Each structure stands twice: as structure tokens, then as C-alpha cells.
Amino acid sequence: MADRLDLYTSVVPNERQKLFCESGYHAFIHFGMTTFTGKEWGDGKTPPSVFNPTNVDTDQWVSALKDGGAKGVILTCKHHDGFCLWQTDTTEYSIKNSPYKNGKGDIVKEVSESCKKFGMKFGVYLSPWDRNSEYYGTPKYNDFYIEQLTELLTRYGDIFCVWLDGACGSHLDGKAKQEYDFPRIYETVYKYQPLCAISNCGPDVRWVGNEGGFARKSEWNVVPEFSFDLQNIADNSQQDTNGEEMKRRCSDVLEQDLGSREFLSKYDSFIWYPAEVDVSIRPGWFYHKEQDKKIRSLDNLLNIYYTSVGGNSLLLLNVPPNREGKFTEFDVARLKELGEEIKKGTSYPAKIVSYNAPKASENFEFDKLIEDAGTYTPEKENSSYEFILKLKNPEKIDKVLLVEDCDFSQRIESFEIYTSLNGQEQKAVSGTTVGFRRYALFKKAVTADTVRIVITACRKKPYLKEIKVLKAIGRLPKLPWYTPVLRIGRKIVDYIYFKTEDYKNKKHRKK
Ligand code: FUL
């Protein structure tokens, strides 16, 4: 086992992944031809004249997303219908033939400039599936796609993410399936934007496996290499009519356990591949007026935030502008509430005045960790590690933030947290993975003068970069009454579809 643990802990993130995971929470904007047709998927036949927003205000989009807590924005520059939101030289199916600003508009430029103005990262979504291009289904399409990608990568400044959607329904158009040249796509991205991460059908960030906002309870960044091949299966993020196709082809992507010791023991090669939760604030990805009253509740969004960003996953929250070219007041108000709650819930640490921790390794002191100035690791490897933190005053607290220094890989497998007041101790929460960020939420706020954290299982020694005991200033997300029903429902679905599958016969397994 020691050798295997050496192997797992030798896997670390690249610079792109580190940058992406540090910001953690980004926003998606779905805007395009389907905003005007009321559909989710356009067929590529709607004339450009239909794209006619009257009052586009990208500053409003980006500032509202920033207020909502996001650190970056990814725009659907071209969705499956092939309609381009920028002044592309590659096709006539673009904004230049629309009434918007008499054909002179460029939404990609406008959003990228608003991002610069508000200090947000900017990223692009360029759908590989294109229902308008005459080249689609032929080798020429790959040249066409690379040209479009190159325009986006070279005309708008820094791009932090290229989001490659796996959805493809070319059979709907009676077209041949396109063989995408993924290696060439990756090469192009890194050539022009070396710090740009490629998400979804890409090597840097992995799709979590659903579009409903569910992160795994134990999310691992070190996963078997096969997880990457699966991301390249076109159709894999497809909301097909009943999901059967996705389940048949990609069941491994949806597997609940992708990283435990037991699971990894069946494989021989591993990669660093963090998960991203992509989810819309509304039922649709694009704007539909009838969904104005169907915006996710604050509790639901907070839950998604704390279980994704706070659960070693990434969050990509979609908010769609309306036909006017603005976010509605409903979305803006919910984003504001969300941002305020995240701030209250995560920015007020209780002061720690003294501590007890296993002796530190030289140059990795616990003081530095508490002062937010460096990484701590114990001198010796042990079966568990206990940290007792004394607070300056008794404080009402409701969560603890734990962060691993991922330069040393992801190691913590389980932990327990206890609080005490005047020597009376009670268990607050237990959890599993930590990785880039774990907000360990208590069931309810408690007043405490001491917090005891025990790492109960770890791959070799832990390397901790942050520990924060957070004051109960914001609200803990309440679970709606139907959540337990949903959970049981998911368990049954998992059981039927996944547990009964015969994984032992899968080719990528070691034995
Ligand atoms: C899916 C697409 O089919 C949806 O329209 C949306 O863009 C979502 C993010 O990915 O696969």
C-alpha cells in the first residue's frame, strides 16, 4: 500500500488547474439565437435577422455576477445552432448579418470588456457541434473550428477557460458524426493562451456528471486516467430525452466513487482532474419568460455553493440574459442575496489565540497556517492528526474551512470536528475529502471557545494550507422538505443503473 500511496500523492495539478481551482466559482452566460426563438437548441436555420436585442447591457450582466460571488464569466460565443456572437471571418451565420448595432455589434467584445472593467476572468464556450456549418461531418470542419477558436483566443485578451461541450445530436440532422480533432484543439488553446484551462471535453477540468447542481460527497482530484477518455465521448453531457444513452455510454463518469483507495487500487495510471458542477439558475440554459418565477431558491443555491466550491469541486452557475439583452430583476436580486450570504458565511473567521498540533516539519510551521502565510505539515506520519484551537472569545460558529496545499496532492480522506464551551465537548461534523476547499458545515450554529479537528485518515502526511473557524454570521442553507426524497430517489437510480453494472469487465481496469 505504501507504494500505491506514493503513486497517488505524486499526482499534482498543473498551473492552469491551480488558477482555475483557486477562483473556484465562475458564471456561465447562455445568450444567442435561441434567446429569441424560445428554444434550448436551435437548428441553425433561423435567419440572423431574428437576433435583435434592443438594450444589451453587458456591464449589468458582469456586475450582477460579481455581486453573486463569481470570479469569472464564460460566454456561449457559439451554441449548437452555429450562430456566432462575434465578428467572425469564418461564416456568414453571425451577428454581422443581424440588426444588432446594424451588424457592427460584437457581444464577445462587450462581455470581455465588461469583465476587464469589473476585474472578472473571461472565458469562451464554443460548441463543437454546429448545426449550421456546411462542413460539419467532414474533415474540413476541424479547420473551420480551429479558425473560430483562434479568433476567440487572439482577439479578446486573456481567456481563462475554453469550455468544450460534449453535446452532439448530429443524427437529428441526418449528418455524419464529426470526428473532432481534440489534440489540435488543445494545442491551439495552449499555444495562444498557455494559462487557459480546458473544461468539460478537455484535459484540465472534468464534468461532474450531471447538470442538476450535484457534487459528489467525496470528490477526488486524483482519478484514474480513463476518466479523461470518457469526457471525450460526444453525447456525454447531453440532456437526451430520457438520459438512457448517456447512462449506457458514460456510466463511469457518473460513478459516485472515482477516487477512494479501493477504487484506485483497480487502476495503474492516474491524473489530476478536478470536477466542475455546471448548473443553471433557471430550468433552462437560455432565457424563457415563463421561467421568470422559477429561479432557484437562495437555500438551493447556497447548498450548491457549499457542496461544490466548498466540496473540492468547481461551480459554473448559468444566468441567461433576456431578449432585451439584460438579466431580469429576479435573477439580479437572487444573485445579490447569494453573494451577500457567501460573503457573510465565509469572510469572518474567529480569532485563534493558541493551539495544540503535532510537531511541525521544519519550515512548515502551524503558526504560518494560522496566520494565512504558509503550509503546515507534521514532522511524522501517523494514523491520525489532532489539532486543538483555542478561540480568543467564546464565539457563535457554524463551519470550518479546511484547505490542502495541492502542490502536495490531495491526501485527506476523512476528518471529524468537535466544539467545546467551558470543557463541554460535542461533535459538530465529520467529513471526507478536503482538497482545494472544504467548508465543513455544522448542522446548526454553536457557541464555542475551543475547536478540535481530527484528521482520521490520510494518504501519508497531510499538507494544510488553511484552517478557519467561521463565525455564524450568514445563514446555513436549509434543505427543502423534498431533499431527502430526492436523495433516496438518486440512491435508487444509482443502484439500478450503476451498482448492477458489471464494472469488472471494463477494458480499462487493471484486473
Ligand atoms: C449541454 C448543452 O446541450 C446545453 O444546451 C447547455 O449548453 C449545457 C451547458 O450543455 O450539453
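What comes next is a walk through the structure. Within each chain, residues carry numbers counting from 1 in the order of the written sequence. For this predicted model, a pLDDT threshold of at least 70 governs which residues receive local features, and a threshold of 80 or more governs which side-chain atom pairs are given and counted, while totals over whole chains, interfaces and linings are taken from all residues. To obtain the side-chain values, all non-hydrogen atoms of the structure were used and water was disregarded.

To continue, consider the environment of G345. Helix and strand definitions here come from DSSP, where helices need a minimum of 4 consecutive H or I residues and strands a minimum of 2 consecutive E residues; each element is numbered from the N-terminal end. Inspection of the secondary structure puts G345 in helix α12 (residues 329-346). Note on contacts: a residue pair qualifies if any of its non-hydrogen atoms lie within 4.5 Å across the two residues. Not counting the four nearest positions on each side in its chain, G345 is found in contact with Y306, K399, L470 and G474.

We now examine unusual backbone geometry. A positive phi angle, near 50°, is found at K101, a position not held by glycine. Note on placement: K101 falls in the loop between β2 (72-78) and α5 (107-118). Accessibility here uses a 1.4 Å probe with only protein chains present; expressed as a share of the type maximum, an area under 20% marks a residue as buried, one over 50% as exposed, and anything in between as partly exposed. The class for K101 is partly exposed, based on a relative accessible area of 47%. The backbone of N363 shows a phi angle near 70°, a positive value even though the residue is not glycine. Within the element layout of this structure, N363 appears in the loop between β11 (352-356) and α13 (366-370).

A few words now on the packing of helix α4 (residues 58-67) against α12. The angle between the axes and the distance between the axes are what describe a pair of packed helices. Helix axes are fitted only over the stretch in contact, all axes being lines through C-alpha atoms; the angle between N-to-C directions runs from 0 to 180 degrees. Between α4 and α12, the shortest axis-to-axis distance is 7 Å and the interhelical angle comes to 35°. Contact residues: α4 offers Q60, A64, L65 and D67, while α12 offers V332, L335, K336, G339 and E340. Residues are sorted three ways: Asp, Glu, Lys and Arg are charged, Ala, Val, Leu, Ile, Met, Phe, Trp, Tyr, Cys and Pro are nonpolar, and all the rest, Gly among them, are polar. Residues that form the contact of α4 with α12 fall into these classes: four nonpolar, two polar and three charged.

What follows is about helix α11 (residues 298-308). Most of α11 sits inside the fold, with nine of its 11 residues counted as buried. Taken together, the buried positions of α11 are L298, D299, L301, L302, N303, I304, Y305, Y306 and S308. Its buried side turned inward, α11 meets β1 (25-29), β9 (275-280), β10 (314-318), α12, β12 (385-404) and β15 (438-458).

Attention shifts here to the side chain of S133. Assignment of secondary structure puts S133 in the loop between β3 (121-126) and α6 (140-155). Overall, S133 belongs to the buried group, its relative accessible area being 4%. For S133, the side chain forms a polar contact with the main-chain nitrogen of Y135, separated by 3.1 Å. With sequence-adjacent residues up to four places away left out, S133 is seen in contact with Y141, F144 and K175. Throughout this description, a polar contact denotes any pair of N or O atoms lying within 3.5 Å of each other; where both atoms belong to protein, one of them has to be capable of donating a hydrogen while the other can accept it, and for residues adjacent in sequence the pair is counted only when both atoms sit in side chains.

Moving on, we come to the layout of surface pockets. Cavities and pockets are defined on a 1 Å grid built over the protein atoms alone: a cavity is a set of grid points where a 1.4 Å probe fits but cannot escape, while a pocket is an open set with protein on both sides within 12 Å along at least five of seven lines, and lining residues are those with an atom within 4 Å of any such point. Grid points are joined across faces, edges and corners, and a volume is the space filled by probe spheres set on the points. Here the second largest pocket defines a volume of roughly 780 Å³. Along the walls of the second largest pocket sit 35 residues, with E22, K71, Y305, R437 and Y439 positioned nearest its centre. Elements that contribute at least two residues to the lining of the second largest pocket include exactly α2 (15-23), α4, α12, β12 and β16 (464-471). Ranked by residues supplied to the lining of the second largest pocket, first place goes to α12 with six residues. Here the lining of the second largest pocket is built from residues that sort into 14 nonpolar, six polar and 15 charged. Taken domain by domain, the makeup of the lining of the second largest pocket includes at least three residues from each of domain 1 (2-346) and domain 2 (352-471). Domain ranges listed in this record stem from an automatic or a database domain assignment.

Only a pair of cysteine sulfur atoms within 2.5 Å counts as a disulfide in this structure description. Here the structure, examined in full by the defined rule, presents zero disulfides. Free of any disulfide, C77 has its nearest neighbouring cysteine sulfur in C84, separated by 8.8 Å.

So, on to the sheet that holds β9. Two strands are said to pair when DSSP picks up at least two bridges between them. Within the open sheet, the eight strands sit side by side as β5-β4-β3-β2-β1-β10-β9-β6. Their pairing is parallel. Two strands in the sheet have a free side with no partner beyond their single neighbour: β5 (197-200) and β6 (206-207). Strand direction decides the pairing type here: strand β4 (residues 161-164) and β5, joined by four bridges, are parallel. Bridge assignment links V162 to a residue of β5, and that residue is I198. Across the sheet, α5 is in contact with β2 and β3; its angle to β2 comes to roughly 175°.

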